[in-house]
Amino acid sequence: MESQLTILLPVAAVWLAAGVVADGLPRLRNTRILRRRTGWLLVLALTGVALTAAVLGGGLFSAGTAPIDRAAAGLTLAAGPALVATACSVRRIRRLWAGAGAFASAPATPAPHGLRAAAAHPLVGLPLQVTALATVPALIAAAAGTDLGADPGVTGPAITVGALAVIVIGVRHALRHNRLAERAQPAVAGSTRAAGALHV
């Protein structure tokens, strides 16, 4: 059981670190720091995807009783969010990193609201944080040595709490993204022509 936990801990730690870094990106006000943190996030996201794929792939090719097989069974719940993170988050993080790189020649430049709004987009942080959340049941089951899914009295409340947590995280990301996106909109200049009679 300890070896199963040893396999799961690095996977969960990488996804948790990615979720924490992603959550802090919109608060960064310096473009140079934003680019550096985005680079860290890209490395963490790719590492999390690689570790998750390695564990799930190892479970497919194992005999069925090895620790890697039990770890893969525990990570089944995280496979969906990890796939979304691969398809959506990694691409957006790379674009954000490239966008912040445009200001590399002026390292003291404040991060524009457009970049911060892109960093706050729900598809950047939400899949990473949901994947980290989805690894928690596997960690608890490995540490306790029991199958939590076999007890209906535990499964129902756990699903409810998990769904509520995902909704809260998603709403928080959406509100923060909308607020920063509104600040990034250019100010609409009023017409300079005086209102008067129409001259033909």
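Residues numbered from 1 in each chain as written. Predicted model: local features only at pLDDT ≥ 70, side-chain atom pairs only at ≥ 80, totals over all residues. Heavy atoms only, no water.

Chemist: Just checking my understanding: could you explain the overall build of the protein chain for this structure?
Modeler: A tally of regular secondary structure across the protein chain gives eight helices and zero strands. Traced from its N-terminal end to its C-terminal end, the protein chain shows the element sequence α-α-α-α-α-α-α-α. Within the protein chain, the fraction of its 200 residues that count as buried is 34%. Within the protein chain, contacts between residues at least 6 apart in sequence are counted, and of these 80% link residues at least 24 apart. Just so you have it, the protein chain exposes about 11,300 Å², and 69% of that area is on carbon and sulfur atoms. (Helix = DSSP H or I, 4+ residues; strand = E, 2+ residues; numbered from the N terminus. Buried < 20%, exposed > 50% of the residue type's maximum accessible area, 1.4 Å probe, protein only. Contact = heavy atoms within 4.5 Å. Areas by Shrake-Rupley, 256 points an atom, 1.4 Å probe, with all protein chains shown as cover.)

Chemist: What should I look at first to understand the pattern of salt bridges in this one?
Modeler: It is possible for side chains of opposite charge to pair when their charged atoms get near one another. Under the criterion given, the structure shown has three salt bridges. Here Arg172 ties to Asp23 by a salt bridge, and the two come within 2.5 Å at their closest N and O atoms. A residue pair is termed long-range when its members are at least 10 positions apart, and Arg172 in helix α8 (residues 152-184) and Asp23 in helix α1 (residues 2-24) qualify at 149 residues. Taking relative accessible area as the criterion, Arg172 reaches 39% and is therefore assigned partly exposed. Given a relative accessible area of 14%, Asp23 falls into the buried group. In this structure, Asp23 and Arg176 form a salt bridge, with 3.4 Å as the shortest nitrogen-oxygen distance. Of this pair, Asp23 sits in helix α1 while Arg176 sits in helix α8, placing them 153 residues apart in sequence. Owing to a relative accessible area of 9%, Arg176 belongs among the buried residues under this scheme. Salt bridges here are not isolated pairs; linked through shared partners, they connect Asp23, Arg27, Arg172 and Arg176. (Salt bridge = Lys/Arg side-chain N within 4 Å of Asp/Glu carboxyl O.)

Chemist: Honestly, the packing of aromatic side chains in this entry has me stumped. Any pointers?
Modeler: The final tally for this structure, using the stated rule, is zero aromatic pairs. Residue placement shows Arg35 over the ring face of Trp97; its charged tip is 4.0 Å from the ring centre. (Phe/Tyr/Trp six-rings, centres within 6.5 Å; stacked < 30°, edge-to-face > 60°. Lys NZ or Arg CZ within 6 Å of the ring centre and 35° of its normal.)

Chemist: It is not clear to me how the packing of helix α4 (residues 76-101) against helix α6 (residues 122-134) should be interpreted in this structure. Could you clarify?
Modeler: When two helices pack together, their arrangement is captured by the angle between the axes and the distance separating the axes. Orientation of α4 relative to α6, taken along the N-to-C sense of each, is 155°, at an axis distance of 8 Å. By the criterion of interaxial angle, the relationship of α4 to α6 is roughly antiparallel. Crossing geometry of α4 relative to α6 is assigned as left-handed. Two secondary-structure elements touch here, α4 through Leu77, Ala78, Pro81, Ala82, Val84, Ala85, Cys88, Ser89, Arg92 and Ile93 and α6 through Leu123, Val124, Pro127, Leu128, Val130, Thr131 and Ala134. (Axes fitted to C-alpha atoms, helices over the stretch in contact; angles between N-to-C directions. Parallel < 35°, antiparallel > 145°, perpendicular 65-115°, else oblique. Left-handed = near helix turned anticlockwise from the far one by under 90°.)

Chemist: For this particular structure, what's the right way to read the side chain of Thr135?
Modeler: Counting through the fold element by element, Thr135 comes out in the loop between α6 and α7 (136-144). Among residues more than four places away in sequence, those in contact with Thr135 are Ala12, Trp15, Leu75 and Ala78.

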